Structures are given as C-alpha cells and as structure tokens.
Amino acid sequence: MKEYQTGQIRNIALVSHNGAGKTSLVERILFKTGAITRMGAVVNGTAHMDFEEEEVHRNGSIATAIAPVEWKGVKLNLLDTPGFLDFIGEVNSAMKVADSAAVLVEAVSGVEVGTEAVWAAAEAYGRPRVLVVNKMDRENVRVRRVKESIANNLVGHFVDLQLPIGEGPAFKGVVDLLHMEARVGEKGDKAPIPADMQSAAEDARAALVEAAAEGDDALIEKFLEGEELTGAEVARGLKLATLNGVVTPILYCAGETGVGVDALLDAFVDLLPAPNEVGGFTATDARGESATYEVSNASPLAVFIFKSREDNFGKTSYLRVFGGTLASDSRIWDGARNAEVRVGTLQISSGKETSPIGKLHAGDIGTVVKLGEVGTNDTLGDRGKVLTIAPIVQPDPLASVAIHPATQADTAKLSQSLNRLVAEDLTLHWSTEPSTHETILSGMGQAHLDIAVHKALSKFGVNMRTTTPRVPYRETITKSADADYTHKKQTGGAGQYARVALRVEPVEESRGFEFASEIFGGAVSAPFVSATEKGCRQALEGGVLAGYPVVGVRTVIYDGKMHPVDSKEIAFQTAGREGFKEAVRKAGPMLLEPIYEVTVTVPADNMGDILGDMNTRRARVLGMDQEGHKSIVRAEVPLAEMQSYAADLRSMTQGRGLFSMKFMQYGRVPGHLQDELVAKLRKERETEGEAE
Ligand SMILES: Nc1nc2c(ncn2[C@@H]2O[C@H](COP(=O)(O)OP(=O)(O)O)[C@@H](O)[C@H]2O)c(=O)[nH]1
Ligand SMILES: [Mg+2]
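Here the structure is a predicted model, which is why all the values come from computation and not from measurement.

Colleague: Any chance you could break down the domain arrangement of the chain for me, citing the residues and the numbers?
Modeller: Domain assignment breaks the chain into domain 1 (8–277), domain 2 (281–388), domain 3 (399–470), domain 4 (475–588) and domain 5 (591–672). Here domain 2 and domain 4 have C-alpha centroids that lie 56 Å from each other.

Colleague: Hey, could you go over the sheet that holds strand E11 (residues 248–252) for me, with residue numbers and the actual values?
Modeller: Read from one edge to the other, the open sheet built from seven strands follows the order E2-E3-E1-E4-E5-E11-E6, with strand pairing classed as mixed. Both outer strands of the open sheet, strand E2 (65–71) and strand E6 (158–160), are each paired with one neighbouring strand and no more. Here the average twist between neighbouring strands, direction ignored, is 30 degrees. Note that strand E1 (residues 9–16) and strand E3 (residues 74–80) share six bridges and pair parallel. For Leu14, the partnering residue across the bridge sits in E3 and is Asp80.

Colleague: Please give an account of the site of ligand 1 that cites residues and values.
Modeller: The local shell around ligand 1 holds 16 residues, among which Gly19, Lys22, Ser24, Asp137 and Glu256 are the closest. Measuring from an oxygen atom of ligand 1, one finds a side-chain N or O atom of Glu256 at 2.5 Å. When isolated, ligand 1 has an accessible area of 570 Å², and the protein chains bury 84% of it. Here the residues of the shell around ligand 1 are counted per class, giving four nonpolar, seven polar and five charged.

Colleague: Please set out the layout of surface pockets residue by residue, giving values where relevant.
Modeller: Here the second largest pocket is characterised by a volume of approximately 710 Å³. Around the second largest pocket, the lining comprises 34 residues; the ones closest to its centre are Phe51, Glu52, Arg309, Asp311 and Lys459. Contributing elements (two or more residues each) for the lining of the second largest pocket: helix H2 (53–58), strand E14 (302–311), strand E15 (314–323), strand E19 (346–350), helix H10 (408–424) and helix H11 (446–460). When residues of the lining of the second largest pocket are assigned to their parent elements, the largest contribution, seven residues, is made by H11. Residues of the lining of the second largest pocket, tallied by class, amount to eleven nonpolar, ten polar and 13 charged.

Colleague: Residue-level account of the sheet that holds strand E7 (residues 162–165), with values.
Modeller: Spatial strand order, E7-E8-E9-E10: four strands in an open sheet with antiparallel pairing. The sheet is open, and its two edges are formed by E7 and strand E10 (189–191), each paired on a single side. Direction aside, neighbouring strands of the sheet carry axes that sit 30 degrees apart on average. Examined bridge by bridge, strand E8 (residues 173–176) and strand E9 (residues 181–184) share four bridges and lie antiparallel to one another. Bridge pairing in E9 links Val175 to Ala182. Seen against the sheet, helix H9 (residues 261–271) touches E7, E8 and E9 and runs at an angle of roughly 120 degrees to E9.

What counts and how
- Residues numbered from 1 in each chain as written.
- Chains lettered and ligands numbered in written order.
- Predicted model: local features only at pLDDT ≥ 70, side-chain atom pairs only at ≥ 80, totals over all residues.
- Heavy atoms only, no water.
- Domains from an automatic or database assignment.
- Pairing = 2+ DSSP bridges.
- Helix = DSSP H or I, 4+ residues; strand = E, 2+ residues; numbered from the N terminus.
- Axes fitted to C-alpha atoms, helices over the stretch in contact; angles between N-to-C directions.
- Near = heavy atom within 4 Å.
- Polar contact = N/O pair within 3.5 Å; in protein donor to acceptor, adjacent residues only side chain to side chain.
- Areas by Shrake-Rupley, 256 points an atom, 1.4 Å probe, with all protein chains shown as cover.
- Nonpolar A, V, L, I, M, F, W, Y, C, P; charged D, E, K, R; others polar.
- 1 Å grid on protein atoms, 1.4 Å probe; cavity = no way out; pocket = protein on both sides within 12 Å on 5 of 7 lines; lining within 4 Å.
- Points joined across faces, edges and corners; volume = space filled by probe spheres on them.
- Contact = heavy atoms within 4.5 Å.

Here it is as structure tokens:
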C-alpha cells in the first residue's frame, strides 16, 4: 500500500453489540475496494478480519483487526473490534487510536447492552460518531422500531443522513439527503429519488440542514435569518456538528449484501475527521509537563503502541503515529526504558496479511515486528524530546479462575506463558495468592478466561486446568488476650529454653501487624526480643482458625525469662510463635472476607429483581440511581457471594445487565456463619494437604 498524508487518513473504530455485522461489513468493503478478490464469511471462518484461531473456531471476533482500504483517494483504517463484552478491552484500545467511531445497530434487535457499552466507550474517549443501522435486509426489519430503540436507549441528537429505500428483504438502497439522490443496489448506483419518497426526503433534508447549521455559529445565524445554506455549507456544518458531538448522523446498510455500503464509505470520507481535524494529541514531556501537540509530520515524534500480538514468528506491535513520521529501518527512543529501539520494516496489516511500507505519516496506523521489550501503552519518540501519551484505561477484572498446570513441564512454563498472555491483553491479570497458594487469572468474564487458557495451549503449548478460586480470607482478633509460654527442651544434647509473656491487642486491620516491647530490666535481651518478634511473624502466615494470614494484631512482649546456657534465638522464635498462637486463640479470633464495591446497571424493570437478589448475597446497598431508562445499584458485596454473578445477572436480565466490581476492604464474616465456614475451610486445607 502507498503512503498517505495526514489529511488523507480516517481512523475509524467499528463498534457494536456482538453480531451486528462489523466483520461482515468490513469483508464487503475489502471486496468492494479491491483489497480482496473473494469474499469470505464469518459463519464459515473465512472472514479476513477473524483470522485468529479462536475466531475461526468460534465464528466471531475476539480481537481488533485492522482493514486499511482506499476510498476516493482517502485511506480508511477500519478497526474491526469484537462486540462481545468480555473483550471491551479491545474496544478501548481501538478508541484510543481512532479519531471517530461507527456504531453499528442491528436493524431487527435495535440497541442492545453491548451497543450501550460501546457508546459509553466512544463517549468516554470523546470520539465523534455515526450510527449505522445494519442488516437492513433481514426479515422483520421495521425502521420505525429501530429508530425508537435508538432514541430510547442512547443519549444524543440523531438525525437521518439517509432514508432507506425499502426495509427487510425489500431493502434496495438509500436516499442520500446531503446530495438529494438515491444510491441503489450492491454497487450504490446513483439514481433519482423514488417519486413516492420525494416529500419524505424533503422533510428529512430540512431536518438535516437544521442539524448542520448547529455545527457552526455563522451557519446557524444564516439559517435563523431564513437564508438558504449552500450544499458546501451543509456538508461543512454537518461535519463540524458531528465532530463536536452535537449531532450523530444515522446511515442504513446491509453490509453483507453490500447495499448502502458505497454511500456509507462516502460518508466516512466526507463526514468523519482526519487525524489532524480532532484538536491534536495530549502528551507529557520529560519534565512531566502536559501539552497538546498537532497531529502533523512537523510535530515531535510520538508513536503509541496500542496492541501487541504474539505468534510463531514473534511479537507484532500495532502502532499509531501521533506526531512526526516513522520510517522503516530507523532508530527510535524508548523513554520508559531509556533505551534505543531498532525499528525494522514497517508494515501495513490487513487482518493477518501484511505489506511493507517505507514511512508512516502522522496519524497513520501500522505494525512492526520484534520491538524487543516494548509493549502496549508505550510511547516511542526522539531521544532528545521524549513524549509520553497516557495509557489506555481499562476496567477492573470481573471474573477469576485458579490455574492448575497439568504436568510438571507445564508448571515450568507457566509464569512465562501467563506473562505473555497478559502482555497481549491488558484486561487480563495474573498473580499468586499467598493465602490460598493459588495462581489466579482474572479477566472480564468466563469466556475471556476460557479463551486465554485455550490460547496458552495453542500459542505457548501450556496445558492448564481451571477451578473456581478460593476466597482469600484473612484472620484477625476481636479482643486483647495474654499468653505466658515457655519453650523448654532439656533432654540430651544442647538444650533450648525460652519463656515469653505476650499480649495481643486488636488494631485496625489495615495496620497489619505491629510489635512492641515493654521489657524493663533486661528480663529478655534485645536479640531475643527480636527473635520473639520473628516467631510471631512466622505465626502470622497461617492463623489459628483455618490457616489464613493474620492481620490487625498488635503484639507486646512484656516479660520473659532467659537461661544462661540454653537460651538461644531459635528457642525464642519458637516461644514467640507458639505464645502468639496461644494468645490469639484466647483473643476471639475471627475470619475476615474481601468485600467488593459492585455497581450494577440494568433496565429499570429489572431493579426489583436485582435488589431482591442482592439480599440473598449478604449485600449492603449503598445507593440507587436512575439514568434514562436504566437503574444503577451500588452495593458492598462479599467476594464469596459474587463468584457466579456474571451468569446470574445475565439470566436475571436476559443479558441486558452490566456490572463492575472493585476491591474495597476486608470485612468480618458474620458471627452466625463463622463456625460452619471455619469447619469447611479446615476440611479443604486437610484435603489439600493430602493432595500435596
Ligand atoms: N442478513 C444479514 N446478515 C448479516 C449481515 N451482516 C452480517 N450478517 C450476519 O450476522 C452474523 C454476525 O456477523 P458478524 O459480521 O460476525 O458481526 P460482528 O460480531 O459485528 O462482527 C453473521 O452470521 C453474518 O452472516 C447483513 O448485512 N445482513
Ligand atoms: Mg466481528
């Protein structure tokens, strides 16, 4: 592919609820623009944008793929994102590098929960957008109904840029209200407006002109004075109104059949902004000062990595040039690591196909292999003028599994392959939980985690089994207590002797563990006080109830006794450890559990069910809100009650509910549940011990 100047580029994220037809639309566009000579299809795994093994297998997208195509001399970088909510991370990264978004709405089902989620993402990034009513050819399409659904569920000022000619299987084309002409058939041939649509088209045109006037003060003045706006003024006004988000134009097409697609591409070129039309990019310099720079070849070099992908050939970095130009076979500076990075051959990627390119101009998107340590969210630039672009903001994880490598060989490769998985996907996290000795993989939902586990096998050859993670409980005390403990071993060989008198006191759990000495007169020497503390700390790792870490305890050693020969550090460690346990046992020990702040957004009709269900989860409702047709509930919920929430919420709301959760604090397990829970956890520990 040739080089394009900044003004000849459009970076457009295609976003929607799963299955609205983004990948099929891109396939059609690739075909229409001559990028491919045979149309593939999502359903049989041959769509060019669904090339990952998992995508072919599932017949749907799980990752963002790029389709660079040329239309009317302009390069459109179409970012085909996955619609499934588990992969919202891919939508966020696409939004980061897109200058606008095309939000697809399926003509029969209308606005769905995923539409609202991607709408919110576009809003969060301030991206101007058009709304594309797609699959217009399906049985049972009712344009009136889909427009109602848009008006009821999305916040915006929507205005028809087109009128559909026919609906359902009778869908033949669109009336372009900007040029007042019809575009019909698979090729988008120009034709006169059908006679029976003439008056409707005139009315719709009037509404469009009014909306266009809103884009510019001079135009609105002219409009209000009753003067006719010229065609060029309407086009310019509409572009500005769209850019500022005061208007969202609606278009109609059937991506798979191609009807309406020519007019759609025209609108992408004419209405959506080039990279240098969106008000620049913000970055911080080496001194930490933030400023806005023009997206221009003349600006300091700023290359942002928005995606990394590994396969057998190594790592591919997907990058967007925000400022300056980036040339193949050049050197570039990695400010974060203070190191020079060699850039090999730059590529233009279309799905999995790549072609080399000599240079990328400001605003363009490309890929390069083997950037070494460089990863997603890094900004590369000039050594003398390092700029940093803010990282992509990703949501907190919603689901976790415990990972168990299948064999010894898998264990050896586990952490390396987990590191590679999370480097590719920033909504995926892994850690080891010390209190349960489990390796935890967290992500956006069960499907997300299943796919990650599958990828570990297919890409890195690591086989792992998953289970529901154990809740990382903690233990604490509820009152003060004392212990006077003597450790004595004086039979045969060298003896051991230590006596310690300890007091444990409850303190705020966040204070963890504190240790103090109130020894006066040298009953226990300083090194043995330290040894005692060491012993107490050992005991913290596994509490007396069920072996979970102990927090919120202050320990005071206030007396003790040494033996002139048999006292040694190891003896005081033992006495400290055992004395601490004894004191804790008397201090009303109690289990603590992690509490999360959960936010649930559902259609208002579901509010009652959600609240009722929250009651069964030991939740404490913090607040309720109404936003349009949506109800929002915020509550504190113990993690133990949230393990299957994604699936439960889906069934309570027919998939129309969304939730997020964030760790808040540890809280006490209610008294009436303690004994049973402790018994259960002890049993688990025993079986775990046997298994090892
Ligand atoms: N009738 C009809 N079906 C379509 C159209 N576009 C896509 N589909 C079908 O809708 C399903 C989902 O399409 P896909 O492109 O994977 O949607 P995506 O999830 O948005 O990428 C597939 O079975 C397609 O064959 C269309 O324009 N008309
Ligand atoms: Mg897709």
